[in-house]
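Each chain, letter by letter, is given below.
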Amino acid sequence: MKPEKLNLTAEWDKTFPQSDRVLHSKVTFVNRYGITLAGDLYTPKNASGKLPAIAVCGPFGAVKEQCSGLYALEFARMGFVAVAFDQSFTGESGGEVRDVASPEIFTEDFSAAVDYLGLLPYVDREKIGLMGICGLTGMALTAASSDTRVKAVAAASMYDMSRSISRGYRDSYTKEQRQKIREFLSQQRWKDAESGSYAHGPHEIGFDEKGELMTNLGGLGSIPEEIIGNLDPVTQSFWQYYIKRAYHPRSINSTGAWTQTTPLSFFDFDLMSHIEDISPRPVMLIAGENAHSRYYSEDVYARLDDPKELVIVPGADHCDLYDQKDKIPFDKLREFFSAAFGGNQEN
């Protein structure tokens, strides 16, 4: 299928430095829905022969210039070919309407990345893995459960977006609250249909102390710096990453919000329904010891069949595993993928 012509930035605009050990190029590929995805391809310099490869995406609402690109760059430094890509409808990738999310299409994006990598003449298509970060971990695992071309999958700072969006943090929504959210989203569809445009708003809808929906929240970029210290530690951590350490103008999490009706499909469809089918291919889950999201990794680990590994990083919170290289267990990731691919990968 012919790719759409995308407007790709030529200069290095990542939130992390380049490496003189890695070659970088902008690439595009098409998923089976006809959406053209934009990626950054990282290849080790001076490599020869057929190489193993890893596709990287996440977090939910981030872009490839943020932490997925950092992971891909580090994988290339290890000797893997790696592609970090923007989710459909976001960043430099194609797809209309913009800023909308789909559990099915985002899962397909991972398989489309496998298509792309496996057609490269210097990639061994029998040695391709996936790396999901935060809200894209569920899509990576879901893709691996059906796409047997994926030989290994790793997940860092897991978030199950279907569970989080439809049931709340630690499944805290009551039946009545879930119904309130569904009613709000259903009525929002009328408003969008009448206006001919799509309103934006929070993809995870909270409730105030009076039990009313909190639907008028802006994105992280709308929070003034002078009040950030008064907010909860989780919001502070996200703000420090997306606004301070790794701001990027194409990142939804840095500059805006998802379309308000984005939660609808996550209420309808559960991710990771068949992850037991990944076995006997290996899975590695990585979570920070102090991460508010740690329970997602622990719950999924309990559901997976062997071989599986759960790595708890001492002293780390959720966002530390985005970009803090002294806490991200890259050595373990190299060992994991090298073992899965049947070799000792080292560049």
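Relevant structure appears above.
Residues numbered from 1 in each chain as written. Predicted model: local features only at pLDDT ≥ 70, side-chain atom pairs only at ≥ 80, totals over all residues. Heavy atoms only, no water.

A. Region of the structure containing the side chain of Thr43. Structurally, the position occupied by Thr43 is in strand S2 (residues 36-44). The exposure class assigned to Thr43 is buried, which follows from its relative accessible area of 13%. Setting aside residues up to four positions removed in sequence, Thr43 forms contacts with Arg21, Val22, Leu23, Ala76, Val81 and Tyr122. (Helix = DSSP H or I, 4+ residues; strand = E, 2+ residues; numbered from the N terminus. Buried < 20%, exposed > 50% of the residue type's maximum accessible area, 1.4 Å probe, protein only. Contact = heavy atoms within 4.5 Å.)

B. Layout of the sheet that holds S2. Read from one edge to the other, the open sheet built from 8 strands follows the order S1-S2-S4-S3-S5-S6-S9-S10, with strand pairing classed as mixed. Whereas interior strands pair on both sides, the edge strands pair on one side only; in this sheet they are strand S1 (22-30) and strand S10 (308-313). Averaged over all pairs of adjacent strands, the angle between their axes in this sheet comes to 20 degrees, without regard to strand direction. Two strands pair when backbone bridges link them, and strand S3 (residues 51-57) and strand S5 (residues 123-133) are joined in this way by 6 bridges, in the parallel orientation. Within S5, the residue paired with Ala55 across the bridge is Leu130. Sitting on the sheet, helix H11 (residues 330-340) touches S3, S5, strand S6 (150-156), strand S9 (283-288) and S10, and the angle it makes with S6 is about 165 degrees. (Pairing = 2+ DSSP bridges. Axes fitted to C-alpha atoms, helices over the stretch in contact; angles between N-to-C directions.)

C. Broad picture of the packing of helix H2 (residues 103-119) against helix H3 (residues 137-146). At a minimum axis separation of 8 Å, H2 and H3 run at an interaxial angle of 65 degrees. By the criterion of interaxial angle, the relationship of H2 to H3 is roughly perpendicular. In this structure, H2 meets H3 at a crossing whose hand is right-handed. Along the contact surface, H2 presents Pro103, Phe106, Thr107, Phe110 and Ser111, while H3 presents Met139, Ala140, Thr142 and Ala143. (Parallel < 35°, antiparallel > 145°, perpendicular 65-115°, else oblique. Left-handed = near helix turned anticlockwise from the far one by under 90°.)

D. Quick peek at the side chain of Thr137. Considering the arrangement of structural elements, one finds Thr137 in helix H3. In terms of polar contacts, Thr137 uses its side chain to reach the backbone amide nitrogen of Tyr159, at 3.3 Å. Beyond its immediate sequence surroundings of up to four residues, Thr137 is in contact with Gly132, Ala155, Ala156, Met158 and Tyr159. (Polar contact = N/O pair within 3.5 Å; in protein donor to acceptor, adjacent residues only side chain to side chain.)

E. Representation of H11 in the model. What H11 keeps buried is the set Phe330, Leu333, Phe336, Phe337 and Ser338. Contact partners of the buried residues in H11: S3, helix H1 (67-78), S5, S6 and S9. Remark: Gly342 follows H11 within two positions and exhibits a positive phi of approximately 80 degrees.

F. Structural view of the environment of Ser93. Structurally, Ser93 can be placed in the loop between strand S4 (81-85) and H2. When its relative accessible area of 3% is taken as the criterion, Ser93 is described as buried. As for Ser93 and Leu220, which are separated by 127 residues in sequence, their C-alpha atoms are 22 Å apart. Those residues in contact with Ser93 that lie beyond four places of it in its chain are Leu6, Thr36, Leu37, Ala38, Asp86, Gln87, Ser88 and Arg98. Reaching out from Ser93, the side chain makes a polar contact with the backbone oxygen of Asp86 at a distance of 2.8 Å.

G. Expanded view of the pairing of S5. Across 6 bridges, the pairing between S5 and S6 is parallel. Looking across to S6, one finds that Gly129 is bridged to Ala152. At this point the chain moves from S5, through H3, to the parallel S6, and the crossover so formed is right-handed. (Right-handed = clockwise from strand over helix to strand, strands pointing away.)

H. Here's a closer look at unusual backbone geometry. For the bond from Gly58 to Pro59, the omega torsion is -5 degrees, close enough to zero to count as cis. Within the fold, Pro59 resides in the loop between S3 and H1. Here the residue pair Glu96 and Val97 is connected by a cis peptide bond, since its omega of 10 degrees sits within 30 degrees of zero. With respect to the element layout, Val97 can be found in the loop between S4 and H2. With phi around 55 degrees, Asp171 is a residue other than glycine that occupies positive phi space. Position of Asp171 among the secondary structure elements: in the loop between helix H4 (161-167) and helix H5 (175-195). Classification of Asp171 by relative accessible area gives partly exposed; the value is 34%. Of note in the backbone geometry, Met272 takes a positive phi value of approximately 60 degrees without being a glycine. Mapped onto the fold, Met272 is located in the loop between helix H8 (263-268) and S9.

I. Quick look at the nonpolar core. Ranked by internal contacts, the top residues of the largest apolar core, which has 107 residues, are Tyr71, Phe75, Leu117, Leu141, Leu333 and Phe337. Once residues within four sequence positions are removed from consideration, Tyr71 is found in contact with Val56, Met131, Ile133, Ala156, Leu321, Tyr322, Ile328, Phe330 and Leu333. (Core = buried A, V, L, I, M, F, W, Y, C linked by side-chain atoms within 4.5 Å.)

J. Local environment of a negative patch on the surface. Together, Glu276, Asp277, Asp305 and Asp306 line one region of the surface with negative charge. Look at Asp305 and you get partly exposed, because its relative accessible area is 39%. (Patch = residues over 30% accessible without salt bridge, like charges linked within 9 Å, V, L, I, M, F, W, Y side chains within 5 Å. Areas by Shrake-Rupley, 256 points an atom, 1.4 Å probe, with all protein chains shown as cover. Salt bridge = Lys/Arg side-chain N within 4 Å of Asp/Glu carboxyl O. Lys, Arg positive; Asp, Glu negative; His and termini not counted. Charge placed at Lys NZ, Arg CZ, Asp CG, Glu CD.)

K. Spotlight on the pairing of S3. Counting buried positions along S3 yields 7 of 7 residues, so the element is predominantly enclosed. Sheet analysis places S3 next to S4, joined by 4 bridges and oriented parallel. Looking across to S4, one finds that Ala53 is bridged to Val81. Note on the crossover from S3 through H1 to S4: the handedness is right-handed.

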